[in-house]
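Structure assessment
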Amino acid sequence: MAKIELIDVAHEYQIGSGDYAVKDINITWNDGVSSALLGPSGCGKTTLLKIISGLLRPSEGTVLLDGEDVTGLSPQERNVAQVFQFPVVYETLSVFDNLAFPLRNRGANKQEVRERVHEIAEMLDLQDLLKKGASSLGAAEKQRISLGRGIVRKDTTAVLFDEPLTVIDPHMKWHLRRKLKELHARLGLTMVYVTHDQHEALTFAEQVTVMDVGEALQTGSPRALHTRPAAPFVGYFIGSPGMNLFDATLQDDGVMVGDLKLSYPSETLQGLGGKKLQVGIRPEFIEVRSDPDDGAIKSTVEAVNLTGSSLILDLAGKGLDFKVRVMEDADVNEGDTLYATFPDERVILYADGRAVKSTLKEAA
Amino acid sequence: MKTENQRAWFFLIPALLVMSINAFIPIMTVINYSFQDIFAGSAIWIGLENYVRVLNDSEFRSALGRQLIFSFLILLIQVPLGIAISLGMPKKGWRATVALVAVGLPLLIPWNVVGIIWRVFTRGDLGLVPVFFNLFGYDYNVANNAVDAYWSVVAMDVWHWTPLIVLLCYSGLNAIPDAFYQAAKIDGASRWSTFRYVTLPRLRSVLTIGILLRFMDSFRIYSEVDMLTGGGPGTTTAFLSDVLVSKARANEFGYGGALSLIYFFIILIISYVFFLVLTNVGTADETPKEA
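What counts and what doesn't
Residues numbered from 1 in each chain as written. Chains lettered and ligands numbered in written order. Predicted model: local features only at pLDDT ≥ 70, side-chain atom pairs only at ≥ 80, totals over all residues. Heavy atoms only, no water. Pairing = 2+ DSSP bridges. Helix = DSSP H or I, 4+ residues; strand = E, 2+ residues; numbered from the N terminus. Contact = heavy atoms within 4.5 Å. Buried area = accessible area lost by both parts, 1.4 Å probe. Salt bridge = Lys/Arg side-chain N within 4 Å of Asp/Glu carboxyl O. Polar contact = N/O pair within 3.5 Å; in protein donor to acceptor, adjacent residues only side chain to side chain. Nonpolar A, V, L, I, M, F, W, Y, C, P; charged D, E, K, R; others polar. Buried < 20%, exposed > 50% of the residue type's maximum accessible area, 1.4 Å probe, protein only. Expected span 1.5 Å × (residues − 1). Arc of directions from axis to C-beta. Axes fitted to C-alpha atoms, helices over the stretch in contact; angles between N-to-C directions. Patch = residues over 30% accessible without salt bridge, like charges linked within 9 Å, V, L, I, M, F, W, Y side chains within 5 Å. Areas by Shrake-Rupley, 256 points an atom, 1.4 Å probe, with all protein chains shown as cover. Lys, Arg positive; Asp, Glu negative; His and termini not counted. Charge placed at Lys NZ, Arg CZ, Asp CG, Glu CD. Phe/Tyr/Trp six-rings, centres within 6.5 Å; stacked < 30°, edge-to-face > 60°.

1. A look at the sheet that holds strand 21 (residues 354-355) of chain A
Residues and elements named next belong to chain A. Ordered by their spatial adjacency, 6 strands build an open sheet running 13-12-11-14-20-21, and the pairing between neighbours is antiparallel. Each having just a single partner strand, strand 13 (260-263) and strand 21 make up the two edges of the open sheet. Sheet topology places strand 20 (residues 348-351) next to strand 21; 2 bridges connect them, and they run antiparallel. Across the sheet, the residue bridging to A351 is R354, located in strand 21.

Below, the structure written as structure tokens:
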């Protein structure tokens, strides 16, 4: 297992086109971390995964494995394993021979192959299928074989997953995801998991990197992404519904959003002139009450949506439209008047798509 | 259940009429003839005698032998060659288009024209082939040398039909997802094992079609050979269809009918065996090398 570092990595599929699939990537995955790359389709996360595995050589930047420059090395030289979106098995081979394939390619002796394959088969619940032809199995089993081939070598440095649950039946998804967590705990594997499903990413990984249009916007714990999104995109991509975002304008000692003025110390506002300003707050952090409160935003309930565990209210007040999450048993009806407060420590100010540092307060 | 409109059948009548005239009736006639001795307009029922004669006919037997050797030989050449060419072809862009057209060209030429082209190509007085062999001091002669004639026919068939295998394999190759090759790379597979365990299994269905088509077509080869060598020298390149045609020309309809049917069943049986083998190889739960 190893620590993976990407330093100033960028890639254009056509050199010189200026059309970068990924750019300015600086991410570190510590040894044994389970992490996810999360982003919408086409954001460059698969490209990034190929750069880590060595299937793709980045046009710029360096890839380090345990501090060693491996940018020019092939996948097998890096000993990185990858599990693909569609299960890849060698169809004419038995499950046993599939699992043995990477070992035999490296000239392992029979004894070694047998022991290791049985060990891995036991971990992945494949013992009873060893003699079966791989082509006769279902997608979930094939995906387990595919994973097994990745971890069967003892020197595997990292396992990469490219949306591995896409073609798996829903009830098997849960099972397979749990299996991955279990393996991670047991083997201490460095895992990088690519997905566009925030639920998958946030439940699987300790460290999540959110990507959009080729850029890594934020790397952090699921909690950090939730409480302190470093970019508006992270704010609304993660969470359901996502963050409320308002366009803001600079004014004296604060910013204006709609008819609401938010005060900031002058050092926070320094150098923000001419930049595109936005203010964001998550629906679950807005406090509402039915009786008037000093400084609260008097707002009208425009819609009430039940999501099962909670209510999502569409509110309008002070020239702002925003969503608020309240308890499911709250007695609220359309047309009611509510008083909303944005707690200071929950409001994040963004300039040109990046959080203004001093507004990223540590959440209690 | 919905009642189907039975009037639809009415529209099939013209097609059925044509079919019965050009297929059904002739086939029934052939079957009928094969059980009779026919000469000068009279026919006598002789049961299986024609079949016995065909099977004991040394001309038929040696033609069948030549035919089998020829068909297996061209499969042995065309299948690996076709796969190799398709592997070497560009995958996209204008180069792919150019390569596809260039490779596919021989398939567009009518069979007898292929024969004429190769006849000119191999002629002693003006062909390029004799000139080429003469450079190496070999006296090539398609008309008199049996070995030259046989290999010229093989070469002609390879030239004409390998493109079919190439096109089938090419489409098969393009249907293999990249992930399979990437996985093999990550698993440290050599080029050979990648071909053996990724490419070849995924070409199975197109190769099954290709081998069946090539076998059936080569087993019925006639026009090209007729144009190039006329079955000669002697009977070196006289294949089954050649024997059949000569019987029909000699007005031996009963004997020819029996020969046609035997011919047909040989193709059917061998094709079926091919089909069974090709669709089963590698799919059954093979015993692992060890477990």
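2. Remarks on the interface of chain A and chain B
Taken together, the contact pairs 34 residues of chain A with 25 residues of chain B. Taken together, both faces of the contact between chain A and chain B bury some 2600 Å²; the carbon and sulfur share is 57%. The largest contributions to the chain A side of the interface with chain B come from Y90(A), E91(A) and T92(A), which together make up 22% of the buried area. Along the contact surface separating chain A from chain B lie 2 salt bridges. Connecting chain A to chain B are 6 residue pairs in polar contact (both at pLDDT 80 or more). Looking at the side of chain A that touches chain B residue by residue, the classes come out as 14 nonpolar, 9 polar and 11 charged.

3. Observations concerning the side chain of T199(B)
Residue and element names in this part refer to chain B. Along the chain, T199 turns up in helix 9 (residues 191-219). Taking relative accessible area as the criterion, T199 reaches 3% and is therefore assigned buried. Setting aside its immediate chain neighbours within four residues, T199 contacts L87, L173, I176, Y181 and T194.

4. Comments concerning the side chain of Q82(A)
With respect to the helices and strands, the residue Q82(A) is situated in strand 6 (residues 80-83). Among the polar contacts made by the side chain of Q82(A), one reaches the side chain of S53(A) at a distance of 3.1 Å. Residue contacts for Q82(A): discarding those within four places in its chain leaves L49(A), S53(A), L55(A), L160(A), D162(A) and I186(B).

5. Some points on helix 5 (residues 111-122) of chain B
Residues and elements named next belong to chain B. Spanning 12 residues, helix 5 covers 17 Å between terminal C-alpha atoms, matching the ideal 16 Å at 1.5 Å per step. Here helix 5 has its buried residues at V114, G115, W118 and T122. For helix 5, the angular spread of buried residues about the axis comes to 100°, placing them on one side. Each element contacted by the buried residues of helix 5 is listed here: helix 6 (128-135), helix 7 (146-174) and helix 10 (223-228).

6. Structural notes on the sheet that holds strand 10 (residues 215-220) of chain A
The strands that make up a sheet pair up through hydrogen bonds in the backbone, lying either parallel or antiparallel. Residues and elements named next belong to chain A. Here we have 6 strands laid out as an open sheet, ordered 6-7-8-3-9-10, and mixed in their pairing. Since the sheet does not close on itself, it has two edges, and those belong to strand 6 and strand 10, each with one partner. Going across the sheet, the axis of each strand differs from the next one's by a mean of 20°, ignoring polarity. The pairing of strand 3 (residues 34-38) with strand 9 (residues 207-212) spans 4 bridges and is parallel. Bridge pairing in strand 9 links L38 to V210.

7. Topic: a negative patch on the surface
A contiguous patch of negative charge on the surface is contributed by D31(A), D66(A), E68(A) and D69(A). When you line up the elements, D66(A) lands in the loop between strand 4 (60-65) and strand 5 (68-69).

8. Regarding the packing of aromatic side chains
A complete count under the given rule lists 30 aromatic pairs over all chains for this structure. Summarising the aromatic geometry, the rings of Y193(A) and F204(A) are spaced 4.6 Å apart at their centres and angled 35° between planes, so their arrangement reads as tilted. One end of the pair, Y193(A), is in strand 8 (residues 191-195); the other, F204(A), is in helix 7 (residues 198-204), with 11 residues separating them in the sequence. Here Y193(A) matches F204(A) in class, with each residue buried. Here F72(B) and F274(B) contribute two aromatic rings whose centre-to-centre distance is 5.9 Å and whose plane-to-plane angle is 35°, an arrangement assigned as tilted. With F72(B) in helix 3 (residues 58-88) and F274(B) in helix 12 (residues 253-280), this pair connects stretches of sequence that are 202 residues apart. Judged by relative accessible area, F274(B) falls into the buried class, the value being 17%.

No statement about biological role is implied by the geometric values presented.
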